[in-house]
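In case you want the letters, here they are:
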Amino acid sequence: HHNTSSTHIMTRYFRIARVMIHTLLGLVIAATIFPWAGKPFKARLIQWWCGRLLGTFNIRVITSGHIPSDNTPLSSAMFVANHISWADIHALNSLIQLRFVAKSEIKNWPIFGYLVSKANTLFIDRNKKQDAKRTIALAYQSLQSGDNLCFFPEGTTTDGTEIKPFKSSLIQAAILANATVRPVAIRYPNQDGSINTAVAYAGETSLLESMQQILRQPQPVVELHFFAPIT
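The rules we used
Residues numbered from 1 in each chain as written. Predicted model: local features only at pLDDT ≥ 70, side-chain atom pairs only at ≥ 80, totals over all residues. Heavy atoms only, no water. Salt bridge = Lys/Arg side-chain N within 4 Å of Asp/Glu carboxyl O. Helix = DSSP H or I, 4+ residues; strand = E, 2+ residues; numbered from the N terminus. Buried < 20%, exposed > 50% of the residue type's maximum accessible area, 1.4 Å probe, protein only. Pairing = 2+ DSSP bridges. Axes fitted to C-alpha atoms, helices over the stretch in contact; angles between N-to-C directions. Contact = heavy atoms within 4.5 Å. Parallel < 35°, antiparallel > 145°, perpendicular 65-115°, else oblique. Left-handed = near helix turned anticlockwise from the far one by under 90°. Nonpolar A, V, L, I, M, F, W, Y, C, P; charged D, E, K, R; others polar.

Novice: Looking at this model, I keep getting lost on the pattern of salt bridges. Mind explaining?
Specialist: As a working rule, side chains carrying opposite charge can pair if their charged atoms are close by. Applying the stated criterion across every chain, the model contains 5 salt bridges. The partner of Arg134 in a salt bridge is Asp131, and the shortest N-O contact between them spans 2.7 Å. Taken together, the residues Arg134 and Asp131, both in helix α5 (residues 131-144) and 3 residues apart, mark about one turn of the helix. Judged by relative accessible area, Arg134 falls into the partly exposed class, the value being 40%. Note that Lys164 and Glu162 form a salt bridge whose closest N and O atoms lie 2.8 Å from each other. Relative accessible area serves as the criterion here: at 42%, Glu162 is assigned to the partly exposed category.

So this is what it looks like as structure tokens:
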């Protein structure tokens, strides 16, 4: 299929049903297993859930570059990436056990806000100036305790055709914790190599619209290119 072709309506309904069932499963796991699950088990569950969620949308993840290997357990790394879609988080999470740094508005998203809160997310309030200090302290503690963090320095999503200026104060936490910074470039290509802007959760697009646009695509692809770690 070329990207111009759209999925059949039955395919879409089938995928929507799978997405809903999988989301329900996530809610059940978060409500019943998470309260007593230890950190490693919880992290593995999140990794599994995110990978399966991408599967329900038929999103394929392609990795290149300095890919973190399963044999060497990562700890105290700070991943820094550009931000295009809500799927970025799931793509990264399906490969690496990460704690994301996200803006506090996400807490108010229906259903996903609850799941994100339960998945150890560090929330920042970008409207409060003094919150930067608190967030750096939290991120520092998190890295010190061995967590891998991921944050999106643009502070917003783009359609993938540009990079916005970085709000990079959080990198200070990595410097204080003597952590490794691991840059990742995220790209959603069409089959002809052009940029698939339809997957973006940016601008005026709502979360639901963004999900519907992805469900219309036969085989969306996300590329994660891992650059050399910076010490």
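Novice: Help me understand helix α3 (residues 87-95) in this model?
Specialist: Residue pairs spaced three or four apart in an α-helix point in one direction, given the helix's 3.6 residues per turn. Counting buried positions along α3 gives 7 out of 9 residues, so the element sits mostly inside the fold. Of the positions making up α3, those classed as buried are Ala87, Asp88, His90, Ala91, Leu92, Asn93 and Ser94.

Novice: Where do I start with the pairing of strand β6 (residues 180-187) in this structure?
Specialist: Consecutive side chains of a regular strand alternate in pointing toward one face of the sheet and then the other. Where strand β2 (residues 77-81) lies against β6, 5 bridges are found, and the strand directions are parallel. Looking at β6, one finds that Val80 is bridged to Pro183. Bridge analysis of β6 against strand β7 (residues 221-226) gives 4 bridges, and the strand direction is antiparallel. Within β7, the residue paired with Val184 across the bridge is Phe226.

Novice: Just checking my understanding: could you explain the pairing of β2 for this structure?
Specialist: For β2, the tally of buried residues reaches 5 of 5 residues, placing the bulk of the element in the interior. Judged by which residues are buried, β2 turns out to be covered on both faces: Ala77, Phe79 and Ala81 on one side and Met78 and Val80 on the other are all buried. Pairing between β2 and strand β5 (residues 149-151): 3 bridges, direction parallel. The residue bridging Met78 from the neighbouring strand is Leu149, located in β5.

Novice: So what exactly am I meant to see when it comes to the sheet that holds β6 here?
Specialist: The strand order β1-β7-β6-β2-β5-β3-β4 describes an open sheet built from 7 strands, whose pairing is mixed. Edge positions in the sheet fall to β1 (60-65) and β4 (122-124), since each of these pairs with one other strand and no more. On average, each strand axis in the sheet is inclined to that of its neighbour by 25°, with strand direction left out of account. Contacts between α5 and the sheet are confined to β2, β3 (99-103), β4 and β5, with β4 contributing the most and set at about 165° to the helix.

Novice: Whenever I open this one, the packing of helix α2 (residues 39-56) against α3 confuses me. Can you help?
Specialist: For any two helices packed against each other, one specifies the inter-axial angle together with the distance between the axes. Relative to each other, α2 and α3 sit at 130°, their axes nearing to 8 Å. Between α2 and α3, the angle is such that the two are oblique. Both α2 and α3 take part in a crossing whose hand is left-handed. Where α2 abuts α3, its residues Ile46, Gln47, Trp49, Cys50, Gly51, Leu53 and Leu54 lie against Ala87, His90, Ala91, Asn93, Ser94 and Leu95. Of the residues belonging to the contact of α2 with α3, the class tally is 8 nonpolar, 5 polar and no charged.

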